[in-house]
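Next come the chains, spelled out residue by residue.
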Amino acid sequence: MVYNGYTDVKVEKWGEVPGNFTLTFVVVPYTYETVWSGLFSSFSAKEKKGLLIAIGKSGKVQVRLGTGNETFVMESRKSYLQYQKPNLLTVAYWGDAGWCDLSINGVLSHRIQLPRHSKIVAPYAYYYLGKYIDEGEFTKETQRGYFHGELHLEEFEPNYTQYDAVERTHQNKKTAIAPIRLYNETEVQKDPYRPALHLMPPGKWMNEPHAPFYYRGYYHLFYQANPHAPIWDNLCWGHLVSKDLVTWEYVGIALNPDTESDNEIDPDGCWSGSACLDGNGNPMLFYTAGNNRKIPNQSVAMALPCDLQDERLQKWEKKGVILEQAPDQGFLGEFRDPFVFCRNGRYFILVGSGDRDNGGGNALVYTTRDFKDFAAKGFLMEYDYESNPEVGHVWELPVLLPLKDQTGKKACDIVLLCACQIEGKRVETYYFLGEFQEDSGTFLPYHSEPRLIDLGHGTFTGPSGFVTPDDRSIVFTIEQGRRGPAEYEAGWAHTGGMPVELSYADGELKVDPVQEIRGYFTEKTDPEELLLENLVEVTTQGSKLEIQLEAGKGGYVVAYDRSTKRFTATDRINGQVVSLCRGEVDEVEIGTDPIYMEAIIDHCSIEIYLNHKKSMTLRNYTYQEGYRLQVKAEAEYQATVKKMAKQM
């Protein structure tokens, strides 16, 4: 049975619990949650009834038994589940004697004593396999507790089996494993709001994409994944590959948090990072290792491919922590999201942090040639935080890329950052144009104020970037979901934004959707009705241009006014402005050029590009079948639909 429309949680009839019983499971855990994940659940904490068998980090197993008057708890002691390997787990209950045994892989891991003749009372007439659900306490925590792996209830006997017999059974048992799938893609794909031409994992949680690189015919991209549920938790690295930067194939989880008790690198999460190619063209991953047992709890770790002959690079080996924060470097405990790039044979590492002296965010800079010896260069750039508080107290996801001009020559560098810890404001992605000084490891900006690529007010965030083999600077972002609790019901949260190409011309940044996207649209003739995946180009010589996207229950009006230089988006129903403009710094100057807008509409995702200068990323969850398009200009001018295309 499918629970909440997206995950394989099996529900079976339970009825009256036998006075004695033996349950045996085959369990292969793929990843662990930070909370208990249910294997077998028919339990009410409030009523003190039922049976819960759950697994936690490091393969620990917990059993809770409720008699209606009292709850008894035992946890594994002598043996634990082996990570990503088949395990046999048996819970044997002898109500007459008041014993309960927990055996794992032939070892009696724990035994507890209950009052003789205790009887387990079921709170419901059914039980769940693969999820901890306490329906008596249906709170936000029920969004967690999903088992991720393979699970099979091998035996359910209405009698107690002695532990020595269980041991012999475990040693002799050969069994097939019935998988519980990671994602129920059939159900997830039914969601009419799920984009078709955007970076998208099969389901569950996607946070910022990161670590792009090209290797042997494939573009590789990773993302912050929670394979258990569509909420922020249990952060792993999901892995996508593509031949063309548009359609992506999911190839699994590349990095999981450590599960062993000794020599742990990242037991509390594999957080964001980047990739870089070594001198032989082989990829290296750099990521934030989360370990709450340490102060600070963040450090930079490294991973390398297990098999360089595998074009998809599906397996990675962690090489351990390579860089830790010193007490005098930035805000202690704010040390994450390494971005690594190479200039003239020397590697530079930017790590997001904050400056204790001015109170604002910044990136720490380190150099190395071998990833063994590092030189700390200080902060990336100087700026006046009091005049620019929107960049936050901490910078996350710093990115530095070269920009080329229209002749193909390098014109300048760009620094992108995700502003963090901003009181009362949405997170935004800002940029500075300037020059990176290799000798000092510092960035000299051309302008004092942080600028926005996108004016969609916090929908376009979490940057990462790289230079393609044909020397284009490409940036990936997360496109924030903006859907609220409905994300959990739908079974997926967030997507990647359309990759954008950044360049430099006429003294300013140029931004365009990645050119490969045009190969996925074909011309259509009807400009009145849009389906779900469309490309629209409109233009006018006038002073104002509007694109009106009308949905069944809402939509947006996206407009540019040449006289005010404002690029805005408003809600069609209530007229509320949903875009961001901080004033003159966010105005767009196009001179006497025709106003040109290019819109990519993909289910709930709306991305509009103005004269190659700014983008506007929006989300809309009010339609069911599509949009109706209207374009407007002043009466004396015509708004022309230059191109109307749909997905092939």
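Residues numbered from 1 in each chain as written. Predicted model: local features only at pLDDT ≥ 70, side-chain atom pairs only at ≥ 80, totals over all residues. Heavy atoms only, no water.

Undergrad: Looking at this structure, how should I read the overall build of the chain?
TA: Counting its secondary structure elements, the chain contains 3 helices and 47 strands. At 28 Å, the chain has a C-alpha radius of gyration in line with the 26 Å of a compact globule built from 648 residues. Reported as C-alpha extents along the three principal axes, the dimensions of the chain are approximately 90 × 60 × 45 Å. By residue count, 60% of the 648 residues in the chain fall in the buried class. On the chain, roughly 25700 Å² of surface is accessible, and the fraction owed to carbon and sulfur atoms is 46%. Distance between charge centroids for the chain: 4 Å, based on 66 positive and 90 negative side chains. (Helix = DSSP H or I, 4+ residues; strand = E, 2+ residues; numbered from the N terminus. Rg over C-alpha atoms; globule rule 2.2 N^0.38 Å. Buried < 20%, exposed > 50% of the residue type's maximum accessible area, 1.4 Å probe, protein only. Areas by Shrake-Rupley, 256 points an atom, 1.4 Å probe, with all protein chains shown as cover. Lys, Arg positive; Asp, Glu negative; His and termini not counted. Charge placed at Lys NZ, Arg CZ, Asp CG, Glu CD.)

Undergrad: When you look at the pattern of salt bridges in this model, what are you seeing that I'm missing?
TA: Inspection of the entire model under this criterion finds 31 salt bridges. D268 is the salt-bridge partner of K57, the closest N and O atoms lying 3.3 Å from each other. With K57 in the loop between β6 (49–55) and β7 (61–67) and D268 in the loop between β17 (249–255) and β18 (270–277), the pair connects residues that are 211 residues apart, well separated along the chain. For R336, the salt bridge is made with E396, and the minimal N-O distance between the two is 2.8 Å. Of the two residues, R336 sits in strand β22 (residues 336–343) while E396 sits in strand β26 (residues 394–404), which places them 60 residues apart along the sequence. Both residues of the pair, R336 and E396, belong to the buried class. (Salt bridge = Lys/Arg side-chain N within 4 Å of Asp/Glu carboxyl O.)

Undergrad: Help me understand the sheet that holds strand β19 (residues 283–290), please; the structure alone is not making it clear to me.
TA: The strands making up a sheet associate through hydrogen bonds between their backbones, and the pairing can be parallel or antiparallel. Pairing is antiparallel across the open sheet formed by 4 strands, whose spatial order is β18-β19-β20-β21. Strands with a single pairing partner mark the edges of an open sheet, and in this sheet they are β18 and β21 (316–324). Within this sheet the neighbouring strands show an average axis-to-axis angle of 30°, counted without direction. The pairing of strand β20 (residues 298–305) with β21 spans 7 bridges and is classified as antiparallel. Paired with V300 across the two strands is L323, which belongs to β21. (Pairing = 2+ DSSP bridges. Axes fitted to C-alpha atoms, helices over the stretch in contact; angles between N-to-C directions.)

Undergrad: It is not clear to me how the nonpolar core should be interpreted in this structure. Could you clarify?
TA: It is characteristic of soluble globular proteins that their nonpolar side chains tend to be buried jointly. In terms of nonpolar packing, the biggest core is built from 100 residues, with L380, L400, I414, L502, F567 and M597 touching the most fellow members. Grouped together as the second largest cluster of nonpolar side chains are 32 residues, F40, F72, I112 and Y127 included. (Core = buried A, V, L, I, M, F, W, Y, C linked by side-chain atoms within 4.5 Å.)

Undergrad: Before we go on, may I ask you to explain helix α1 (residues 163–172) in this structure?
TA: Residues spaced three or four apart along an α-helix face the same direction, because each turn holds 3.6 residues. The set of residues buried in α1 consists of A165, V166 and H170. Along the axis of α1, the buried positions cluster into a sector of 140°, meaning they face one direction only. Away from its buried face by more than 90 degrees, α1 exposes Q171 and N172. Against β9 (87–94) and β10 (99–104) lie the buried residues of α1. (Arc of directions from axis to C-beta. Contact = heavy atoms within 4.5 Å.)

Undergrad: Honestly, the side chain of E334 in this entry has me stumped. Any pointers?
TA: In this structure, E334 sits in the loop between β21 and β22. Looking at E334, its side chain comes within polar contact range of the side chain of R336, at 2.5 Å. A polar contact of 2.9 Å, which involves the side chain of E334, links it to the side chain of Q421. The residues contacting E334, other than those within four sequence positions of it, are Q298, Q325, G352, S353, V394 and Q421. (Polar contact = N/O pair within 3.5 Å; in protein donor to acceptor, adjacent residues only side chain to side chain.)

Undergrad: What's the story with the environment of S272 in this structure? I'm lost.
TA: Tracing the sequence through the fold places S272 in strand β18. Judged by its relative accessible area of 1%, S272 is buried. Between the C-alpha atom of S272 and that of G252, which follows or precedes it by 20 residues, the distance is 17 Å. Beyond its immediate chain neighbours, meaning those up to four positions away, S272 contacts E208, H210, Q224, W237, Y287, T288, D337, P338 and L397. Of note is the side chain of S272, whose polar atom sits 2.5 Å from the side chain of E208.

Undergrad: Can you help me understand the pairing of β7 in this one?
TA: Buried residues dominate β7, accounting for 7 of its 7 residues. Of the two faces of β7, the one carrying V61, V63, L65 and T67 and the one carrying Q62, R64 and G66 are both buried. In this structure, β6 lies alongside β7, joined through 7 bridges in antiparallel fashion. In the sheet register, L52 faces β7, and the bridge partner there is R64. The hairpin turn running from β6 into β7, its antiparallel successor, is 5 residues long, and S58 in that turn takes a positive phi close to 65°. Pairing geometry for β7 and strand β8 (residues 71–75), over 5 bridges, is antiparallel. Bridging across to β8, R64 finds its partner in V73. Connecting β7 to the antiparallel partner β8 that follows it, the hairpin turn spans 3 residues, and G68 within it adopts a positive phi of roughly 100°.

Undergrad: In this structure, what is going on with the state of the cysteines? I would like to understand it.
TA: A covalent bond between the sulfur atoms of two cysteines is referred to as a disulfide. A full pass over the atoms with the stated rule returns 0 disulfides. Of all cysteine sulfurs, the one in C236 lies closest to C270, which takes part in no disulfide; the gap is 6.6 Å. Counting only cysteine sulfurs, C342 is the nearest neighbor of C412, a cysteine outside any disulfide, at a range of 20 Å. (Disulfide = S-S within 2.5 Å.)

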